[in-house]
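Structure assessment
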Amino acid sequence: MKTAPDSYENKVLDPNMLEQQAFIQQVVEDLLKEARRLGADAAEAAASQDAGLSVNVRLGELETVEYTRDNNLGITVYFGKRKGSANTSDLSPQAIRETVGAACDIARYTTDDPYSGLADAGLMAVDPPDLDLYHPWPIDPAAAAEMAMRCEEAGRGYDARIHNSEGASLNTVAGIHVYGNSQGFIGGYPSSRHSLSCALIGRDDSGMQRDYWYGTARDPSRLTPAEEIGVTAAQRTLARLGARRLPTQSAPVIFRADVAPSLLRTFVGAIRGGALYRRASFLLDMLDRQIFPSFVRIHENPLLRGGLSSSPFDNEGVATSAKNLVSDGILRSYVLDSYSARKLGMQTTANAGGVHNLAIESGERGLSDLVREMDRGLVVTEMMGQGVNRVTGDFSRGAAGFWVEGGEIAYPVEEITIAGNLRDIFMGLSAVGNDTDIPGSVRTGSWLIDQMTIAGD
Amino acid sequence: MTDTLAIARDLILSPHGLSETDIEQALSLLSMPDVDLADIYFQHSRLESWALEDGIVKEGAFSIEKGVGLRAVSGEKTGFAYSDDIDRRHLMEAARAASSIVRAGQGRHIAVKAAARTAPLYTFDDPLRSLERETKIDILRRVDAEARKQDPRVTQVMVSLVAAHEVVLIAAGDGCLSADIRPLVRLNVSVIAEHNGRREQGGSGGGARDLLPFLLDGDRCLEFAREAVHQALVNLDAVPAPAGTMTVVLGPGWPGVLLHEAVGHGLEGDFNRKGSSAFAGRIGERVASELCTVVDDGAMPGRRGSLSIDDEGTPTQRTVLIENGILKGYLQDRLNARLMGVAPTGNGRRESYAHLPMPRMTNTYMLAGQTDPAEIIASVDKGLYAVNFGGGQVDITSGKFVFSASEAYLIENGKIGRPVKGATLIGNGPEVLTRVTLVGNDLQLDKGVGVCGKEGQSVPVGVGQPTLRVEQLTVGGTA
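Position labels on residues start from 1 in each chain and follow its written sequence. A letter from A marks each chain and a number from 1 marks each ligand, given out in the order of writing. Two thresholds apply to this predicted model, a pLDDT of at least 70 for residue-level local features and 80 or more for giving and counting side-chain atom pairs, whereas whole-chain, interface and lining totals are computed over all residues. Excluded from the side-chain calculation are hydrogens and water; included are all heavy atoms of the structure.

Side note on the overall build of chain B
A tally of helices and strands in chain B yields 11 helices and 24 strands. Its C-alpha radius of gyration of 24 Å places chain B within 12% of the 23 Å reference for a compact globule of 479 residues. Relative accessibility thresholds used throughout: buried, under 20% of the residue-type maximum; exposed, over 50%; partly exposed, between the two (1.4 Å probe, protein chains only). Expressed as a percentage of the 479 residues in chain B, the buried residues total 64%. Across chain B, contacts joining residues at least 24 apart in sequence account for 77% of those joining residues at least 6 apart. For chain B, the accessible area works out to roughly 15900 Å², and carbon and sulfur atoms hold 49% of it. Helix numbering and strand numbering both begin at the N terminus, where a helix is a DSSP run of H or I of at least 4 residues and a strand a DSSP run of E of at least 2. Radius of gyration: C-alpha atoms only; globule rule: 2.2 Å multiplied by the number of residues to the exponent 0.38. Contacts are residue-level and defined by heavy atoms, with any inter-residue pair within 4.5 Å sufficient. With residues, only the protein chains shown are counted as cover, and all accessible areas are computed by Shrake-Rupley using a 1.4 Å probe.

Structural data, given as structure tokens:
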């Protein structure tokens with residue numbers, strides 16, 4: 001067996017990517033072989049190796065240079081219907097033996113679970129498509145620092161009230177991920193991810209505010225220009241200065257596009273198999289029933305080329321495909337892995353590990369149109385805390401944003417909460433904006449909700 | 001006293017063919033002429049976890065995490081590299097990469113020596129081996145049975161048990177070698193209760209830097225089961241929480257998450273050096289009522305947030321943050337202490353060898369006051385009594401913080417009334433403690449399940465407080 005390719009000089013652009021992939025694939029095969037040797041009836045294993053560079057600058061000076069380099073391997077073994085798992089960051093042959101041994105040892109103590117096991121062999125991604133996810137960035141620390149400095153400088157120079165900075169940071173990572181199981185499936189692919197972010201602090205007579213902005217992409221050439229990120233961070237920070245509180249009241253609420261993904265993720269959390277078979281979801285037994293107004297369509301597209309969350313197969317090797325979770329406002333699919341599917345008497349939806357490239361169909365109007373339609377209410381631009389009860393759907397979170405009067409933004413607000421029940425919030429969605437130009441893997445415009453409780457003074 | 005350094009050497013250096021000469025050479029590569037601070041952090045952690053659900057032990061997992069992280073600091077600049085492979089070649093490569101932030105030159109020779117010993121605050125024994133596997137499984141089953149027998153409305157019980165053993169070896173830039181052997185155990189139980197078509201959840205748990213029998217002492221683990229069921233049943237009867245600004249009485253113990261969010265993060269040295277905290281430049285000013293004294297104490301024996309030495313080798317201590325309402329001090333790691341011209345406080349912490357250290361809290365709590373907690377509740381005409389919380393969050397620049405109640409009651413005419421649904425409470429960090437008007441004599445620390453996240457790094461922490469009466473907190477209900 002070869003040792004892993006590694007060197008700090010060429011880590012970002014690895015000219016031996018195929019060799020590295022072969023090495024990781026061999027690690028997975030060795031894991032499965034060792035599991036068989038120890039008498040496991042079935043096994044599945046995953047291994048990954050990533051390397052990257054992270055550079056931070058602050059106030060025009062280099063602050064940190066981090067060389068990142070992460071290995072991981074994990075194995076799950078099945079003895080009949082009993083299972084055991086183990087993982088390690090060490091990819092050496094000795095570590096493989098020890099890790100598989102530990103998983104087998106664990107499986108002696110777990111209980112028979114009739115629902116446990118691998119996903120059906122017939123569902124495996126036999127011929128996974130190339131999704132164009134690998135665009136390594138051979139940038140050196142000096143060039144990365146220069147780009148981050150341009151980003152921060154554009155933001156700091158935008159307005160005199162930007163008096164301080166938490167800095168700008170450029171991150172790049174590339175690596176290989178391989179999954180295999182004892183049914184003969186093995187698949188893997190390289191991927192890369194790059195991001196540039198900036199956080200700025202502004203001040204006026206009312207006090208200090210901080211905000212940030214970022215860009216992220218698989219391909220560095222598709223990253224938002226550095227100066228644009230810096231300027232957006234400055235604009236977002238300045239817009240918060242002079243924030244006031246609000247009186248306690250009920251009012252319509254717009255979740256701006258950059259906070260709306262949080263609502264979509266909460267929705268997905270409630271239709272995940274694990275929450276459903278535990279009866280720990282506010283969307284229990286809602287399949288084929290209306291949970292959003294009829295104009296709403298929510299879908300995932302795992303096979304999007306170059307997508308930030310694209311994947312040709314899920315964490316069990318099951319081939320992924322595009323599907324609607326909601327159409328005509330009706331819940332069309334749960335989000336299941338093979339275990340939760342068996343518990344529910346259903347079929348896996350290729351969502352072991354989560355959803356990929358989640359999106360809600362956007363409307364035709366922009367944010368300013370939604371603000372005009374709302375006339376008087378709250379635009380939420382930040383949410384704080386974890387106040388979401390997945391079992392009941394009760395929602396209560398800290399918020400900051402803008403108050404709207406006469407269809408126009410009147411002033412920034414902070415130190416308030418917004419509350420309601422998610423079933424009502426979802427049914428109260430009256431429009432989705434076309435302002436989908438937000439970073440990240442979730443695609444959505446702003447959401448206009450007919451009414452929520454705002455707590456303040 | 002046990003020689004933790006010898007144990008760490010045997011576990012981390014010898015098996016990988018490393019000697020003190022290799023450490024000296026790596027330190028020398030890090031210590032280029034312009035470098036002010038350097039260190040090497042070796043880590044070897046093992047973790048075992050078990051999970052029960054539907055009455056059966058469904059999952060068990062074992063993991064090993066090991067590696068080494070090297071850092072070179074020059075002024076405000078830091079170079080950092082790490083490796084999962086602990087061997088000579090990777091050590092030297094990482095040292096060269098980390099020191100590449102400064103101009104190359106002749107590294108200083110650093111002689112390695114043992115640091116002054118610090119008395120350990122916890123056992124060096126291995127929690128993973130502190131009970132037989134059968135006994136671990138039996139704990140899960142007993143907790144499950146205890147929860148189910150409380151009430152027929154309990155429909156789901158999930159129990160998890162985690163034991164971790166972490167050995168760290170730190171070579172500071174001056175050549176001082178120190179080591180720490182850190183046990184950590186935790187049990188969590190969460191339940192779903194269902195009645196008349198309504199479902200609610202409840203949760204509890206606890207842990208310590210101790211061995212697994214800690215969870216069995218006084219049937220502690222069964223108490224967690226009863227608490228989780230109690231919380232779920234209370235919530236089955238809960239009515240919508242009020243919305244608006246009102247007097248809030250916070251129970252003792254875990255509600256101290258208030259202090260962690262409202263003041264703790266804002267007093268971390270990095271944010272204050274950079275001027276990004278709402279507390280920056282306010283030492284000596286009044287930031288709380290004179291009833292309030294808040295400390296961070298990493299040196300409490302066996303607590304989840306405790307460390308014998310921090311992740312930079314500095315012995316932990318009790319740091320007074322607020323004394324009788326006056327802001328006294330910040331929490332410091334080495335880098336920020338040096339740049340601010342103060343001494344480190346033993347708060348330099350990192351999630352692992354693959355992360356850079358920064359100032360973090362340990363066990364943060366408010367000292368007890370004079371008032372009987374029953375009197376505090378009786379003093380409120382109309383308000384909220386919040387006894388249990390989920391997590392919280394803070395914007396350290398604006399000072400705004402939230403924390404979410406998971407068990408709360410109305411107070412009416414000085415009496416505890418109906419339970420209300422969970423609600424988020426929001427306030428302004430530099431102001432909220434000035435509105436503390438009564439402090440109970442019932443200081444409690446939390447049960448040992450806290451995790452703090454900062455800049456993507458998670459570390460175990462503790463919180464605590466006595467019962468507090470706070471005026472004019474905003475409660476985010478719907479009623």
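Observations regarding the pairing of strand E6 (residues 207-217) of chain A
All names here are of chain A. Note: strand E5 (residues 186-204) against E6, 11 bridges, orientation antiparallel. In the strand pairing of E6, leucine 200 is matched with aspartate 211. When DSSP finds two or more bridges between two strands, those strands count as paired. Where E5 hands over to E6, the hairpin turn is made up of two residues, counted between the paired strands.

Description of the pattern of salt bridges
Residues and elements named next belong to chain B. One side-chain nitrogen of Lys or Arg within 4 Å of one carboxyl oxygen of Asp or Glu is enough to make a salt bridge. In the structure shown here, the tally under the stated rule is 62 salt bridges over all chains. Arginine 71 serves as the salt-bridge partner of glutamate 312, at 2.7 Å between the closest nitrogen and oxygen. One end of the pair, glutamate 312, is in the loop between strand E9 (294-297) and strand E10 (318-323); the other, arginine 71, is in strand E2 (residues 56-74), with 241 residues separating them in the sequence. Judged by its relative accessible area of 2%, arginine 71 is buried. Across the pair glutamate 268 and lysine 454 runs a salt bridge, and its minimum N-O distance is 2.9 Å. You can see glutamate 268 sitting in the loop between helix H7 (257-264) and helix H8 (269-273) and its partner lysine 454 sitting in strand E21 (residues 451-454), a full 186 residues away along the chain.

Some points on the packing of aromatic side chains
To describe a pair of aromatic rings, one takes the distance between the centres and the angle between the planes. Between rings of Phe, Tyr and Trp, where Trp is taken as its six-membered ring, a pair exists when centres lie within 6.5 Å; planes separated by under 30 degrees are stacked, by over 60 edge-to-face, and by other angles tilted. Enumeration over the complete set of coordinates arrives at 17 aromatic pairs over all chains. The interplanar angle of 15° and the centroid separation of 6.2 Å between the aromatic rings of tyrosine 212 of chain A and tyrosine 214 of chain A together place this pair among those described as stacked. Look at tyrosine 212 of chain A and you get partly exposed, because its relative accessible area is 36%. On the basis of relative accessible area, tyrosine 214 of chain A is assigned to the partly exposed category, the value being 25%. Through a chain of ring-to-ring contacts, three or more aromatic side chains come together here, namely Phe267, Phe282, Phe292, Phe426 and Trp447 of chain A. The side chain of arginine 244 of chain A reaches across the aromatic face of tyrosine 411 of chain A, ending 3.7 Å from its centre. Here, over-ring charges are defined by two tests on the NZ atom of lysine or the CZ atom of arginine: distance to the ring centre within 6 Å, and angle to the ring normal within 35 degrees. Over the ring of phenylalanine 214 of chain B we find arginine 220 of chain B; its NZ or CZ atom is 3.8 Å from the centre of that ring.

Here we look at the interface of chain A and chain B
Listed as interface residues are 72 residues of chain A and, on the opposing side, 78 residues of chain B. A simple way to read buried area is as the amount of 1.4 Å-probe accessible surface that goes missing from two parts once joined, with both sides added. Carbon and sulfur atoms supply 48% of the area that chain A and chain B bury against each other, a total of about 6000 Å² over both sides. Ionic pairing is found between arginine 279 of chain A and glutamate 194 of chain B, a salt bridge with its closest N-O pair at 2.7 Å. The dominant element in the side of chain A that touches chain B, judged by the number of residues it contributes, is strand E2 (residues 61-79) of chain A, at 10 residues. Throughout this entry, Asp, Glu, Lys and Arg are counted as charged residues, while Ala, Val, Leu, Ile, Met, Phe, Trp, Tyr, Cys and Pro are counted as nonpolar. The remaining residues, Gly among them, count as polar. Counted by class, the side of chain A that touches chain B contains 21 nonpolar, 26 polar and 25 charged residues.

Some remarks on the domain arrangement of chain A
All names here are of chain A. What the domain assignment lists for chain A is domain 1 (8-234) and domain 2 (243-457). Domain extents, as shown, originate in an automatic or database domain assignment. Of note, the centres of domain 1 and domain 2, computed from C-alpha atoms alone, are 26 Å apart. Contact residues are listed per partner, giving 31 residues for domain 1 and 28 residues for domain 2. Of the roughly 2500 Å² buried where domain 1 meets domain 2, counting both sides, 58% is carbon and sulfur surface. When the buried area of domain 1 at its contact with domain 2 is split by residue, Tyr115, Leu123 and Leu131 rank highest and sum to 25% of it.

With respect to helix H4 (residues 226-240) of chain A
Residues and elements named next belong to chain A. Helix span, as expected, comes to 1.5 Å for every residue beyond the first. Between the first and last C-alpha of H4 there are 22 Å, a value that for 15 residues agrees with the 21 Å anticipated at 1.5 Å per step. Ala226, Ile229, Gly230, Thr232, Ala233, Ala234, Arg236, Thr237, Leu238 and Arg240 are the residues of H4 that are buried. Looking one or two places after H4, you find glycine 242, whose phi comes out positive at around 80°.

Section: unusual backbone geometry
One non-glycine residue, aspartate 132 of chain A, lies in positive phi territory at about 60°. Following the sequence through the fold, aspartate 132 of chain A ends up in the loop between helix H2 (93-107) and helix H3 (141-156). On the accessibility criterion, aspartate 132 of chain A (30% relative accessible area) is partly exposed. A positive phi angle, close to 45°, is found at asparagine 324 of chain B, a residue other than glycine. Structurally, asparagine 324 of chain B is set in the loop between E10 and strand E11 (326-327). Given a relative accessible area of 43%, asparagine 324 of chain B falls into the partly exposed group.

What to know about the sheet that holds strand E9 (residues 323-327) of chain A
Residues and elements named next belong to chain A. A sheet is described by the order of its strands in space; here four strands give the open sequence E10-E9-E8-E11, paired in antiparallel fashion. At either end of the open sheet lies a strand with only one pairing partner, and these are strand E10 (330-331) and strand E11 (358-360). Taken together, the three bridges between strand E8 (residues 298-300) and E9 define a ladder with antiparallel strand orientation. Note that in E9 the partner of isoleucine 298 across the bridge is valine 326. Packing against the sheet, helix H5 (residues 260-270) makes contact with E8, E9, E10 and E11, and its axis sits at approximately 115° to E11. Orientation is described by lines fitted to C-alpha atoms, with helices fitted over the stretch in contact, and by angles between N-to-C directions that extend from 0 to 180 degrees.

Let's talk about helix H2 (residues 20-30) of chain B
All names here are of chain B. Here H2 lies mainly inside the structure; eight of its 11 residues are buried. Buried within H2 are the following residues: Asp22, Ile23, Glu24, Ala26, Leu27, Ser28, Leu29 and Leu30. In this structure, the buried residues of H2 make contact with helix H1 (4-13), strand E1 (37-53), E2, helix H3 (88-98), strand E5 (154-172) and strand E6 (176-195).

Quick look at the sheet that holds strand E20 (residues 444-445) of chain B
Residue and element names in this part refer to chain B. Read across the open sheet, the six strands follow the order E11-E10-E9-E14-E23-E20; overall the sheet is mixed. Pairing within the sheet leaves two strands with one partner each, and these edge strands are E11 and E20. For strand E14 (residues 363-366) and strand E23 (residues 462-465), the ladder comprises three bridges, and the chain directions are parallel. In the strand pairing of E23, asparagine 363 is matched with glycine 462. Strands E9, E10, E14 and E23 of the sheet are contacted by H7, whose axis makes an angle of about 105° with E23.

Examining the side chain of glutamate 471 of chain B
All names here are of chain B. As for its position among the elements, glutamate 471 is in strand E24 (residues 468-476). The class for glutamate 471 is buried, based on a relative accessible area of 17%. Polar side-chain contacts of glutamate 471 include one of 2.5 Å to the side chain of arginine 469. In this structure, glutamate 471 is in contact with Met246, Thr247, Arg435 and Thr437, ignoring residues within four places of it in sequence. Polar contacts, as counted here, are pairs of nitrogen or oxygen atoms within 3.5 Å of one another; within protein the pair requires one atom able to donate a hydrogen and one able to accept it, and residues that are adjacent in sequence qualify only if both atoms are side-chain atoms.

Let's talk about the packing of H2 of chain B against H3 of chain B
Residue and element names in this part refer to chain B. The contact between H2 and H3 brings their axes to 8 Å, and the two run at 15°. Between H2 and H3, the interaxial angle falls into the category roughly parallel. Every pair of crossing elements has a handedness; the one defined by H2 and H3 is right-handed. Contacts from Asp22, Gln25, Ala26, Leu29 and Leu30 of H2 reach H3 at Arg88, Leu91, Met92, Ala95, Arg96 and Ala98. Here the angle decides the label: under 35 degrees means roughly parallel, over 145 means roughly antiparallel, 65 to 115 means roughly perpendicular, and every other value means oblique. Handedness of a crossing follows from how the near helix is turned relative to the far one, being left-handed for an anticlockwise turn of less than a right angle and right-handed for a clockwise one.

Examining the environment of isoleucine 201 of chain A
One can find isoleucine 201 of chain A in strand E5. Counting along the chain gives 34 residues from isoleucine 201 of chain A to glycine 167 of chain A, while the straight-line C-alpha distance between them is 9.6 Å. Here isoleucine 201 of chain A is in contact with Arg161, Ile162, His163, Asn164, Ser165, Glu166, Met208, Gln209, Arg210 and Thr237 of chain A together with Ser276 and Thr397 of chain B, once residues within four sequence places are set aside.

Quick word on the environment of serine 396 of chain A
Mapped onto the elements, serine 396 of chain A comes out in strand E13 (residues 394-405). By relative accessible area, serine 396 of chain A is classed as buried at 4%. Sequence-wise, serine 396 of chain A and threonine 417 of chain A are 21 residues apart; in three dimensions their C-alpha atoms are separated by 6.6 Å. Once residues lying within four places of it in the same chain are set aside, the contact partners of serine 396 of chain A are Gly387, Ile418 and Ala419 of chain A together with Ala423, Thr424 and Gly476 of chain B. In this structure the side chain of serine 396 of chain A is engaged in a polar contact, spanning 2.7 Å, whose partner is the backbone oxygen of glycine 476 of chain B.

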